[in-house]
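Residues per chain are reported as follows:
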Amino acid sequence: MTQDQLKQAVAQAAVDYIAPHLTWESIIGVGTGSTANCFIDALAKIKHTFGAAVASSEATATRLKSHGINVLELNAVPHMSFYVDGADESDIHLNLIKGGGGALTREKIVAAVAETFVCIADESKLVGVLGAFPLPVEVIPMARSYVARKLVGLGGEPVWRQGFVTDNGNLILDLYGMDIVDPKDLEQQINQLTGVVTNGLFAHRPADILFLGTGDGVKTLTS
């Protein structure tokens, strides 16, 4: 199977997983990226079975609306059953690195609200130790250089993602050269740096279930 076919397979697996639990009151959080886009396209086929969606980025909101799916602001949502999103890396405990597309802050907020976080990814994303994929860190613009120096002190090599601005108007530092053996601790250390909005480690709120696309079909991992 091609990578696109693997993404489509896990997207459909996520739809099949959540579909029996949906009612007209259900709100579904939706992530950002190519795998999340596959999920949106598959979700559109059952759009009559749930109430609305919450988007983790402007791009996701646009794609949802193009399918005729009602999109709500998170502040208007008291409860969310599911959040479905891809990942840049996952370990076997379903700690994730996310944010390659730059939407990590909104993704983390929506994931925090959801009762169940469903991750969808192809088998190349499952790793023994997180960190081969550079860890995105969203920073307030005036703090970029300061935060970069602090990240060097943590043992990483921060690179400013030049020419990119998040939906929140902030910048991204991509942190290279880290073997992340304790994701929860590193997530907390980075988030405590003044000027950091958040980082792309999803360890304090990992995925609850991972649908992993492989050459032998979709495998299911739980945290």
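Residues numbered from 1 in each chain as written. Predicted model: local features only at pLDDT ≥ 70, side-chain atom pairs only at ≥ 80, totals over all residues. Heavy atoms only, no water.

Caption draft 1: Representation of the pairing of strand β2 (residues 52-55) in the model. The alternating pattern of β2 places Ala52 and Val54 and Ala53 and Ala55 on opposite faces, both of which are buried. In this sheet, β2 lies alongside strand β1 (residues 27-30) in parallel orientation, the contact comprising four bridges. Paired with Ile28 across the two strands is Ala53, which belongs to β2. After leaving β1, the chain enters helix α2 (residues 34-43) and then returns to the sheet as β2, a path that is right-handed. (Buried < 20%, exposed > 50% of the residue type's maximum accessible area, 1.4 Å probe, protein only. Helix = DSSP H or I, 4+ residues; strand = E, 2+ residues; numbered from the N terminus. Pairing = 2+ DSSP bridges. Right-handed = clockwise from strand over helix to strand, strands pointing away.)

Caption draft 2: Structural detail: the side chain of Ser56. Within the secondary structure layout, Ser56 lies in the loop between β2 and α3 (58-66). In this structure Ser56 comes out as buried when scored by relative accessible area, which is 0%. At 2.7 Å, the side chain of Ser56 and the side chain of Thr32 are in polar contact. Sequence-distant contacts of Ser56, defined by excluding residues within four places in its chain, comprise Val30, Gly31, Thr32, Tyr83, Ala103, Arg106, Glu107 and Val110. (Polar contact = N/O pair within 3.5 Å; in protein donor to acceptor, adjacent residues only side chain to side chain. Contact = heavy atoms within 4.5 Å.)

Caption draft 3: Geometry of helix α5 (residues 144-153). Those residues of α5 that sit buried are Val147, Ala148 and Leu151. Summarising the axial view, the buried residues of α5 lie within an arc of 105 degrees, below the 170-degree limit, and thus occupy one face. Opposite the buried face of α5, at more than 90 degrees from it, the exposed residues are Arg149 and Gly153. Where the residues of α5 are buried, they touch β7 (135-139), β8 (157-160), β9 (171-176), α6 (183-191) and β10 (196-199). Looking one or two residues beyond α5, the residue adopting positive phi is Gly155, at roughly 100 degrees. (Arc of directions from axis to C-beta.)

Caption draft 4: Region of interest: the environment of Val127. Assignment of secondary structure puts Val127 in the loop between β6 (114-122) and β7. Here the alpha-carbon distance between Val127 and Phe164, two residues 37 residues apart in the chain, equals 27 Å.

Caption draft 5: Representation of the packing of helix α1 (residues 3-18) against α2. Running from N to C, α1 and α2 cross one another at 50 degrees; their axes reach a closest spacing of 8 Å. Between α1 and α2, the angle is such that the two are oblique. Crossing of α1 over α2 shows right-handed handedness. On the side of α1, the interface is formed by Lys7, Gln8, Val10, Ala11, Gln12, Ala14, Val15 and Ile18, while α2 contributes Ser34, Thr35, Cys38, Phe39, Ala42 and Leu43. In the contact of α1 with α2, the residues fall into nine nonpolar, four polar and one charged. (Axes fitted to C-alpha atoms, helices over the stretch in contact; angles between N-to-C directions. Parallel < 35°, antiparallel > 145°, perpendicular 65-115°, else oblique. Left-handed = near helix turned anticlockwise from the far one by under 90°. Nonpolar A, V, L, I, M, F, W, Y, C, P; charged D, E, K, R; others polar.)

Caption draft 6: Geometry of the packing of aromatic side chains. Here the structure, examined in full by the defined rule, presents four aromatic pairs. For the ring pair Tyr17 and Phe82, a centre distance of 6.2 Å and an interplane angle of 75 degrees mean the geometry is edge-to-face. Taken together, the residues span a long stretch of sequence, with Tyr17 in helix α1 and Phe82 in strand β3 (residues 80-85) at a distance of 65 residues. With a relative accessible area of 30%, Tyr17 lands in the partly exposed category. Taken together, the ring pairs in this structure connect Tyr17, Phe82 and Phe211 into an aromatic cluster. Across from the ring centre of Trp160, 3.8 Å away, lies the NZ or CZ of Arg144, which sits over that ring. (Phe/Tyr/Trp six-rings, centres within 6.5 Å; stacked < 30°, edge-to-face > 60°. Lys NZ or Arg CZ within 6 Å of the ring centre and 35° of its normal.)

None of this, on its own, says anything about what the molecule does.
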